[in-house]
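Structural description and commentary
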Amino acid sequence: MEPGAGGAPRRRMARPERERQMVRVAEQVFAERGYQAASMDEIAERVGVSKPMLYAYFGSKEGLLLACMRRARNGLREVTLAAIAEGGSPRELLRRGLEAHFRFIDAHKPAWAVLRAETALVGEAAAEVEQVRSQQAELIATSTAALVPDIDPLLVEAYAHMLVGATERVSLWREQHPEITPEAAAALILAVIWNGVSSLAPGPPTP
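Residues numbered from 1 in each chain as written. Predicted model: local features only at pLDDT ≥ 70, side-chain atom pairs only at ≥ 80, totals over all residues. Heavy atoms only, no water.

1. Quick word on helix α1 (residues 15–33)
- The first and last C-alpha atoms of α1 sit 26 Å apart over 19 residues, in line with the 27 Å expected at 1.5 Å per residue.
- If you check which residues of α1 are buried, you get Arg18, Gln21, Met22, Val23, Val25, Ala26, Glu27, Val29 and Phe30.
- A positive phi of about 85° marks Gly34, the residue just after α1. (Helix = DSSP H or I, 4+ residues; strand = E, 2+ residues; numbered from the N terminus. Expected span 1.5 Å × (residues − 1). Buried < 20%, exposed > 50% of the residue type's maximum accessible area, 1.4 Å probe, protein only.)

2. With respect to the pattern of salt bridges
- On inspection of all chains with the given rule, the structure shows 17 salt bridges.
- The salt bridge involving Glu42 is made with Arg33; its shortest N-O contact spans 2.9 Å.
- On the accessibility criterion, Glu42 (16% relative accessible area) is buried.
- When the shortest N-O distance is used, the salt bridge between Glu130 and Arg133 registers 3.0 Å. One end of the pair is Glu130 and the other is Arg133, both in helix α7 (residues 123–147) and three residues apart, which spans about a single turn.
- For Glu130, a relative accessible area of 39% gives the class partly exposed.
- We classify Arg133 as buried; its relative accessible area is 19%.
- Ionic contacts of the salt-bridge type, sharing partners, join the residues Glu92, Arg95, Arg96, Glu99, Arg103 and Glu183 into one network. (Salt bridge = Lys/Arg side-chain N within 4 Å of Asp/Glu carboxyl O.)

3. Concerning the environment of Phe30
- Looking at the secondary structure, you find Phe30 in helix α1.
- Sequence separation of Phe30 and Ala111 is 81 residues, and the distance between their C-alpha atoms is 9.0 Å.
- Beyond its immediate sequence surroundings of up to four residues, Phe30 is in contact with Tyr35, Ala38, Ile43, Lys61, Leu64, Leu65, Cys68 and Val114. (Contact = heavy atoms within 4.5 Å.)

4. Notes on the packing of helix α4 (residues 61–84) against helix α6 (residues 109–116)
- Remark: α4 packs on α6, axes separated minimally by 9 Å, with the N-to-C direction vectors making an angle of 115°. Regarding α4 and α6, the two cross each other, and that crossing is left-handed. For the pair α4 and α6, the contacting residues are Leu65, Met69 and Ala72 in the first and Ala111, Val114 and Leu115 in the second.
- When the residues that make up the contact of α4 with α6 are grouped by side-chain class, the tally is six nonpolar, no polar and no charged. (Axes fitted to C-alpha atoms, helices over the stretch in contact; angles between N-to-C directions. Left-handed = near helix turned anticlockwise from the far one by under 90°. Nonpolar A, V, L, I, M, F, W, Y, C, P; charged D, E, K, R; others polar.)

5. A closer look at the environment of Ala26
- Along the chain, Ala26 turns up in helix α1.
- Among the residues examined, Ala26 registers a relative accessible area of 0% and is labelled buried.
- Sequence separation between Ala26 and Ala44 is 18 residues; the distance between their C-alpha atoms is 8.7 Å.
- Dropping the residues within four chain positions of it, Ala26 is found in contact with Ile43, Leu64 and Cys68.

6. Considerations on α6
- Of all eight residues that make up α6, six are buried, and the element is covered over most of its length.
- Within the span of α6, buried status applies to Pro110, Ala111, Trp112, Ala113, Val114 and Leu115.
- In this fold, the buried residues of α6 make contact with α1, α4, α5 (90–107), α7 and α8 (153–176).

7. Considerations on the confidence of the model for the protein chain
- Of the residues in the protein chain, 86% reach a pLDDT of 70 or more, and the chain-wide mean stands at 84.
- Taken as a whole, residues 203–207 scores under 50 in pLDDT and shows nine contacts with residues more than four places along the chain or in a different chain. (pLDDT = per-residue confidence, 0-100.)

Structural data, given as C-alpha cells:
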C-alpha cells in the first residue's frame, strides 16, 4: 500500500490498471458535472490519487476527457462489430447493429453523457465526437457495400451518415422515454429508413 490523496492508503496498481480507473472515475464526474464544471481536484479525490498524478498521466483536463471519449468510441466499435459478426441479410445486420448501439448507451450512461455534450466542447474534444460519428458511418457503409456490392458507393456513404444522425437523435429522444427498449428503438428506425435503403440496390428489394 502507498499513501493516497489526503493520506488515505492506496493500493498499488500497475499503470494500465490505474489509468483505466482514472478514466472510469473521470467519465462519471464529467457526466455528473459537465466538462466545464468538473474539476481535476474532485476526480483525483474520488480516484484516491494526487492531482499531479492525474496530470502526469493525461497532461491536462482535456487530455483526460479525450481518454474518456476514446474509451467510449472503442467500446462502441467493439459491440457494433460483435453484433454484425454473425452475418445475415443486410436488414438483419442493420437491426443487430442498431440494437447494439442502444444497448451500449444503456449500459454506459456516463460515456454517452460525455459524448453527447458536444456543445461545450472545442478543439480535439469536438473532433473526437465527430470521429465517433465517422467511425459508425464507416462500419455501416462497409458492411452494406460488402453485402450489396452493386450499390453506388456514394449513395451508401450518404445513407450511412443519415443513419448515424437518426440513431443519435433517437438516442437523445430515448432519454425522455426510458420505456423504449433498444429493440423498439431499432425497429422504429428500420420502419422509417429500410425501404429507402433497399431501393438503392438494383433489382428486387433486399430482404
